[in-house]
Amino acid sequence: KTMVEKKLKAYFVRDPWNEDYGVGVIATSSKEAKKLAFLSEPLEDAEWINLRVKWNKDANVEGLNIGHLFITDEESIDAMFRGIYGNLEHVKCPKCGTEDVYVYELWNNVFCCSNCENKLTVKDINNPYVLREENIELKTRLKELEEEKQILIQQE
């Protein structure tokens, strides 16, 4: 009989009393994820019976091992890029470096804080290193707004 290799999956384990707070963990099952997360510092005050586990089936687990937890700022930002976390609170912004901010996905795999979002320019949006090429609809909308602006200027 051959041993079947279990597939790694990304899970988000949380305490329902604190909806937005939990820990990302790499495991082969929800039961294993719950055990690993329960022993971690972020959930030290949670009760076993209350923990909820969510499988993030679209998350990228490439290069990770069973038991990997996303706890530090760097790990959490990596987890956000991998699709395990949707947003983070009280971390350093990966774009501008501002400390203790709320970081979220602005566009397709572009993460920043509100400070960055307010400072984005057309030049940034056209830079594939700042925003990925997939953001065609955003570029199109910006072009339309620029054209509308020019028409308003001409009408004055």
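The shown structure was predicted, so the numbers you read here are calculated from the model rather than taken from an experiment. (Residues numbered from 1 in each chain as written. Predicted model: local features only at pLDDT ≥ 70, side-chain atom pairs only at ≥ 80, totals over all residues. Heavy atoms only, no water.)

(A) Structural view of the side chain of Arg82. Tracing the chain through its elements places Arg82 in helix 2 (residues 73-82). Under the relative-accessibility criterion, Arg82 is labelled buried at 15%. Polar side-chain contacts of Arg82 include one of 3.0 Å to the backbone oxygen of Glu62. If we skip the residues at most four places from it in the chain, Arg82 touches Asp58, Ala59, Asn60, Val61, Glu62, Leu64 and Phe70. (Helix = DSSP H or I, 4+ residues; strand = E, 2+ residues; numbered from the N terminus. Buried < 20%, exposed > 50% of the residue type's maximum accessible area, 1.4 Å probe, protein only. Polar contact = N/O pair within 3.5 Å; in protein donor to acceptor, adjacent residues only side chain to side chain. Contact = heavy atoms within 4.5 Å.)

(B) Seen up close, unusual backbone geometry. Look at His90: it is not a glycine, yet its phi comes out positive at around 60°. Along the chain, His90 turns up in strand 5 (residues 87-91). Relative accessible area serves as the criterion here: at 56%, His90 is assigned to the exposed category. Positive phi values are uncommon outside glycine, yet Asp100 reaches one of about 55°. Looking at the element boundaries, Asp100 is found in the loop between strand 5 and strand 6 (101-107). The exposure class of Asp100 is exposed, given its relative accessible area of 52%.

(C) Examining the packing of aromatic side chains more closely. Per the stated rule, a full pass over the model turns up 2 aromatic pairs. A cation over a ring is seen here: Lys34 above Trp48, with NZ or CZ 4.5 Å from the ring centre. (Phe/Tyr/Trp six-rings, centres within 6.5 Å; stacked < 30°, edge-to-face > 60°. Lys NZ or Arg CZ within 6 Å of the ring centre and 35° of its normal.)

Shape is all these values report; function is a separate question.
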